[in-house]
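Here's the letter readout for the chains.
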Amino acid sequence: GLHAVIGHLNSGTTMPASRVYNAAGIVEVSPSATTPKYTQQGFGNAFRVMANDVQQGRVLGRFAVTDLGAKTIAIIDDRTAYGQGLADEFDKAAKEAGGKVIVREYTSDKASDFTAILTKIKGQKPDLLFFGGMDGQGAPLAKQMKALGLTSQLLGGDGIHTAEFMKLSGPAGEGVVASLPGRPLESLERGPDFKARFEKQYGRIQLYAPYCYDAMQVLARAMQRAGSTEPAKVIPELKKTDYEGVTARIQFDDKGDLKQGAITVYKAVNGNWQVLKTVESN
């Protein structure tokens, strides 16, 4: 009797699940999977309320070169659908902006020792190291960079923009730069109220809670307009979505992607993520 799913956590789980939901005719709204491939499969039932990795990688690649002044760049990714996909887009955008990628390395989403890779990179003396992966690897990476005396600027995507990264990395996380799709909650009309209500009940927002909330609101309103929970009736209404959410104004393109995905870049300062810049990415 399932009609709709909000999920899943990341691209690696969302991609295989999306094929099952499509075959079953079930609506899927992703609050957090960012691989472009998710909405490029030609499914009419797949939607996403967060900017994708093409948008995020493009912004980060340009930001690394034009805003952070990186001329030489090293890239490490965890070979997951998310990490490698984001790193590939970053790679292209950084080169287009005039940066030089001098080393590209790979690890896994289970790794914890990056000493060999970082030692190799240290010898190349890059201005910046981009990491495509999650906080569970990003935090020990930051610690090991510091232990080895590797002074390259560490830059990552939304996978390391978490409270958990701050907790796990400790002092080594200071100065790390990371992005998050969307505008900062505090800059949005409904953001501060959502943050206060959420954290009063559940504690500190880790990452995707506002996007899950918007996904639920978008889905519920489409069901209301359709007067039904049946996917065949809900999907046409989802495609008409124009909703001022907590994270953004949500409208979908013909693939089910967010039409205009803002990306905000943050810097870790005294254990908190401070806004550096918000960029609109079409």
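Up top is the structure these notes are about.
A brief look at the structure comes next. (Residues numbered from 1 in each chain as written. Predicted model: local features only at pLDDT ≥ 70, side-chain atom pairs only at ≥ 80, totals over all residues. Heavy atoms only, no water.)

Looking at the sheet that holds strand β3 (residues 46-48)
Now for step 1: Pairing in this open sheet of 3 strands is parallel, and the strands run β1-β2-β3 from one edge to the other. Two strands bound the open sheet, and with one partner strand each, they are β1 (4-6) and β3. In this sheet, neighbouring strand axes are inclined to one another by 15° on average, regardless of whether the strands run parallel or antiparallel.
Now for step 2: Two strands pair when backbone bridges link them, and β1 and strand β2 (residues 27-30) are joined in this way by 3 bridges, in the parallel orientation. (Pairing = 2+ DSSP bridges. Helix = DSSP H or I, 4+ residues; strand = E, 2+ residues; numbered from the N terminus. Axes fitted to C-alpha atoms, helices over the stretch in contact; angles between N-to-C directions.)

Comments concerning the pattern of salt bridges
Now for step 1: By the definition in use, this model includes 15 salt bridges.
Now for step 2: Residues D88 and R104 are paired through a salt bridge, measuring 2.8 Å at the closest nitrogen-oxygen approach. Taken together, the residues span a long stretch of sequence, with D88 in helix α3 (residues 81-96) and R104 in strand β5 (residues 100-106) at a distance of 16 residues.
Now for step 3: A salt bridge links D242 to R249, with the shortest nitrogen-to-oxygen separation between them at 2.8 Å.
Now for step 4: Owing to a relative accessible area of 45%, R249 belongs among the partly exposed residues under this scheme.
Now for step 5: Taken together, the shared-partner salt bridges in this structure form one network comprising D77, D88, D91, K95 and R104. (Salt bridge = Lys/Arg side-chain N within 4 Å of Asp/Glu carboxyl O. Buried < 20%, exposed > 50% of the residue type's maximum accessible area, 1.4 Å probe, protein only.)

Topic: unusual backbone geometry
Now for step 1: For the bond from G7 to H8, the omega torsion is 5°, close enough to zero to count as cis.
Now for step 2: Assignment of secondary structure puts H8 in the loop between β1 and α1 (11-24).
Now for step 3: Residues other than glycine seldom take positive phi values, yet R79 does so here, at roughly 65°.
Now for step 4: Here R79 is to be found in the loop between β4 (72-77) and α3.

Some thoughts on α3
Residues three or four positions apart in an α-helix share a direction because the helix packs 3.6 residues into each turn.
Now for step 1: With 16 residues, α3 ought to run about 22 Å at 1.5 Å a step, and its terminal C-alpha atoms sit 23 Å apart, in line with that.
Now for step 2: Among the residues making up α3, those that are buried are Y82, G83, G85, L86, A87, E89, F90, D91, A93 and A94.
Now for step 3: One or two positions beyond α3, positive phi appears at G98, with a value near 105°. (Expected span 1.5 Å × (residues − 1).)

Quick look at the pairing of β2
Now for step 1: Residue alternation in β2 divides its side chains into two sets, V27 and V29 and E28 and S30, and both sets are buried.
Now for step 2: Handedness of the crossover joining β1 and β2 through α1 is recorded here as right-handed.
Now for step 3: Pairing of β2 with β3 involves 3 bridges; the strand directions are parallel. Among the inter-strand pairings, S30 is bridged to a residue of β3, identified as R48. (Right-handed = clockwise from strand over helix to strand, strands pointing away.)

With respect to empty space enclosed by the protein
Now for step 1: What the rule picks out here adds up to 1 cavity of 30 Å³ or more.
Now for step 2: In this structure, the largest cavity encloses a volume near 50 Å³.
Now for step 3: Lining of the largest cavity is provided by L9, N10, S11, S32, A33, T34, Y82, M134, D158 and Y208.
Now for step 4: When its residues are assigned to classes, the lining of the largest cavity shows 5 nonpolar, 4 polar and 1 charged. (1 Å grid on protein atoms, 1.4 Å probe; cavity = no way out; pocket = protein on both sides within 12 Å on 5 of 7 lines; lining within 4 Å. Points joined across faces, edges and corners; volume = space filled by probe spheres on them. Nonpolar A, V, L, I, M, F, W, Y, C, P; charged D, E, K, R; others polar.)

Bear in mind that shape data such as this cannot, by itself, settle questions of function.
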